[in-house]
Amino acid sequence: MPKVKKSLAPKRAASARVSVKRPLREKISVNKVSRSAAQTGLNEMLRGVDWRGQLYDGQVVLLDQTQLPQKVVYRNVSDIESLRSAIISLVVRGAPAIGIASAYGIVLYLVPFAVKAKKATALEKPFKHAFERLVSSRPTAVNLRWALERMRDCFERHTTDLTAIELCARLLMEAKRIHREDAELCARIAENGMALLPVGGGVLTHCNTGALATGGVGTAIGCILYAHQAGKQIAVFADETRPLLQGARLTALELQRAGVPVTLICDNMAAHLMQRGRIQAVMVGADRITANGDAANKIGTYGLAVLAKHHGLPFYVAAPYSTFDLSLKDGMDIEIEERHADEVRAPQGTVFAPADVQVANPAFDVTPANLITAIITERGIIHRPNAKSVAKLMANGHSSPAI
Ligand code: MRU
């Protein structure tokens, strides 16, 4: 039975509605974000995914994002098909978060086999099955495949030196490490990205890139949060993000709870606000970044990049190394998830289109690298990204040693 809490009152209510453009020359003092201030911000965040229990009785706990902001419902998931459905139906969503949830999902699936088997090699077939079921749940965000491949590497390293149950324990350690590391990646991205945000300016963001979508403070939202904590006095415009309203339901909620001034807009209002000088920068996340710097993100992101270019505004993408897919030359090779027509015909269950009208519902689009001012990663910032600069950054390598 899912637990239901009553309501989700934001930490600061009406005072969070600041949308006035502040002249850029006005002096605002910017504080250094101390580690503890950053931690405090994180502690107040909602956690989208968690592991509860030990190895034998473990469960994946998901905060059901389809019910936010009206209800806080946690779902305890203990089998892989329920987890797969939760990912498909966006109970858990956001590129890093679905990677983390899937890593835990591998453990969920393997433990019952390990209880009956002695040798770890007996888990090879079940592992393959779990990998295939999870990797096929959502096609665009590469973090999902990245996390599963990391679990596979760990699995393959230990099939001969550990027993079946020891291997499961090692895999749980690896899944927790992926989770913990994502929190660290988010914090480093936020530290790098906050400097780019304009003091006293309006920042437009799209979809949801916060704690709900990651294992930490978020990517684009992380940068925004750190900039806010540093006293930069930014005013955020959150696109509602049709058709599933991640911006309205999740980003508005997360920013309100963190006390960041946020103004919700319909997606089609961005051009007008840019024209009137209310927006000084656009910052979004990404689901997959190809070798040349093209970035797939929530549908509508590409349009914002075109608008930003037209209005001479910087367009920033914030993402960890796990979002890069160097196997693809450019963004045209990215598989774009096509979702159910009813999400467009009947958003949130309210029908307002003819029942049989034809619908297109691509969940993501691709922003070409030449429209991106900079990609912010935990390893640093790639200004004017291209194949050379992406390759250079990614060659820096991942610091965490294999276990
Ligand atoms: O369909 P969703 O809600 O999973 O899409 C999420 C996004 O597009 C996010 O912007 C992206 O995953 C980056 S999250 C840090």
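Residues numbered from 1 in each chain as written. Predicted model: local features only at pLDDT ≥ 70, side-chain atom pairs only at ≥ 80, totals over all residues.

1. Looking at the overall build of the chain
Short version of the rule: Working definition: helices are DSSP H or I runs of at least four residues, strands are E runs of at least two. Numbering for both runs from the N terminus. Note on burial: count the other C-beta atoms lying within 10 Å of the residue's C-beta; 20 or more is buried, 12 or fewer is exposed, in between is partly exposed, and C-beta positions come from the backbone.
In terms of regular secondary structure, the chain is built from 12 helices and 15 strands. The burial tally for the chain puts 49% of its 403 residues in the buried class.

2. Structural notes on the packing of helix H5 (residues 142–158) against helix H6 (residues 164–193)
The test is simple: Note on geometry: axes are lines fitted to C-alpha atoms, helical ones only across the stretch in contact, with angles between N-to-C directions running from 0 to 180 degrees. Note on convention: near helix rotated counterclockwise from far helix by under a right angle means a left-handed crossing. Clockwise means right-handed. With C-beta atoms placed from the backbone, a contact is any residue pair whose C-beta atoms sit within 7 Å. Gly counts as polar in this scheme, as do all residues outside two lists: the nonpolar Ala, Val, Leu, Ile, Met, Phe, Trp, Tyr, Cys and Pro, and the charged Asp, Glu, Lys and Arg.
Where H5 meets H6, the axes come as close as 10 Å, and the angle between the chain directions of the two elements is 150 degrees. Seen from above, H5 lies across H6 with right-handed handedness. Packed against H5, whose contacting residues are Ala 147, Arg 150, Met 151, Cys 154, Phe 155 and His 158, the element H6 presents Leu 167, Arg 170, Leu 171, Glu 174, Ala 175 and Ile 178 at the interface. In the contact of H5 with H6, the residues fall into 8 nonpolar, 1 polar and 3 charged.

3. Points about the site of the ligand
Defined as follows: A residue counts as near a molecule or strand when its C-beta atom, positioned from the backbone, falls within 6 Å of it. Marked domain ranges trace back to an automatic or database domain assignment.
Around the ligand lies a shell of 18 residues, among which Arg 93, Ala 95, Ala 213, Gly 285 and Lys 298 are the nearest. Those elements that provide at least two residues to the shell around the ligand are helix H3 (95–116) and strand E10 (295–298). Classifying every residue of the shell around the ligand gives 8 nonpolar, 7 polar and 3 charged. Looking at which domains feed residues into the shell around the ligand, each of domain 1 (45–186) and domain 2 (199–349 + 356–393) gives three or more.

4. Description of the sheet that holds strand E15 (residues 380–383)
Put simply, the rule reads: Paired strands, in this sense, are two strands between which DSSP finds at least two bridges.
Strands sit in the order E7-E6-E5-E8-E11-E14-E15 across an open sheet of 7 strands; the sheet is mixed. Among the strands making up the open sheet, the edge pair consists of strand E7 (262–265) and E15. For this sheet the average axis-to-axis angle between neighbouring strands, irrespective of direction, equals 25 degrees. Pairing geometry for strand E5 (residues 202–205) and strand E8 (residues 281–284), over 2 bridges, is parallel. Bridging from a neighbouring strand, Val 203 pairs with Ala 281 of E8.

5. Section: the environment of Ile 375
Take Ile 375: it is sitting in strand E14 (residues 374–377). Judged by local crowding, Ile 375 falls into the buried class, with 26 C-beta atoms found within 10 Å. Sequence separation between Ile 375 and Phe 315 is 60 residues; the distance between their C-alpha atoms is 9.0 Å. Setting aside residues no more than four positions away along its own chain, Ile 375 makes contact with Ile 289, Gly 293, Val 317, Ala 319, Ile 382 and Pro 385.

6. Thoughts on H5
What counts is decided by this rule: Helix span, as expected, comes to 1.5 Å for every residue beyond the first.
With 17 residues, H5 extends 25 Å from end C-alpha to end C-alpha; this agrees with the ideal 24 Å at 1.5 Å per step. Residues of H5 that are buried: Val 142, Asn 143, Leu 144, Arg 145, Trp 146, Ala 147, Leu 148, Arg 150, Met 151, Cys 154 and Phe 155. Where H5 is buried, its residues contact H3, helix H4 (124–135), H6, strand E9 (288–290) and strand E12 (324–325).

7. A look at the packing of H3 against H6
To keep it simple, the criterion reads: Oblique is the label for every angle not falling under 35 degrees (roughly parallel), over 145 degrees (roughly antiparallel), or within 65 to 115 degrees (roughly perpendicular).
Across the interface, H3 lies against H6 with an axial gap of 9 Å and an inter-helix angle of 170 degrees. If you check the angle between H3 and H6, you find them roughly antiparallel. Where H3 approaches H6, its residues Pro 96, Gly 99, Ile 100, Ala 103, Tyr 104, Ile 106, Val 107, Leu 110, Val 111, Ala 114 and Val 115 are matched on the opposing element by Ala 164, Ile 165, Leu 167, Cys 168, Leu 171, Leu 172, Glu 174, Ala 175, Ile 178, His 179 and Asp 182. A per-class count over the contact of H3 with H6 returns 18 nonpolar, 2 polar and 2 charged.

8. Side note on the sheet that holds E12
Pairing within the open sheet is mixed, and its 4 strands lie in the order E12-E9-E10-E13. The open sheet terminates on both sides in strands that have one partner only, identified here as E12 and strand E13 (364–367). Pairing analysis gives 2 bridges linking E9 to E10, with the strands arranged antiparallel. In the strand pairing of E10, Ile 289 is matched with Ala 295. Along the sheet, helix H10 (residues 301–310) contacts E10 and E13; its crossing angle with E13, the most-contacted strand, is approximately 35 degrees.

9. Description of the environment of Ile 221
Here Ile 221 lies in helix H7 (residues 220–229). Judged by local crowding, Ile 221 falls into the buried class, with 33 C-beta atoms found within 10 Å. Along the backbone, Ile 221 and Met 283 are 62 residues apart, and their C-alpha atoms lie at a distance of 8.4 Å. With residues near it in sequence (within four places) discarded, Ile 221 still touches Thr 205, Thr 209, Gly 210, Thr 251 and Glu 254.

10. Some details on the confidence of the model for the chain
Stated precisely, the cut-off is as follows: How sure the predictor is of each residue is captured by pLDDT, a score from 0 to 100.
Across the chain, the average pLDDT comes to 90, with 88% of residues at 70 or higher. In the predicted structure, residues 1–43 sits below a pLDDT of 50 and forms 65 contacts with residues beyond four places in sequence or in another chain.

11. Structural notes on H4
Rule in force here: Our arc is simply the arc of the directions from the helix axis toward the C-beta atoms.
Its 12 residues place the ends of H4 16 Å apart at the C-alpha level, agreeing with the 16 Å of an ideal helix rising 1.5 Å per residue. Within H4, burial applies to Phe 127, Ala 130, Phe 131 and Leu 134. Along H4, the residues classed as buried sweep out an arc of 100 degrees about the axis, all on the same side. Across from the buried face of H4, at angles greater than 90 degrees, the exposed residues are Lys 125, Lys 128 and Glu 132.

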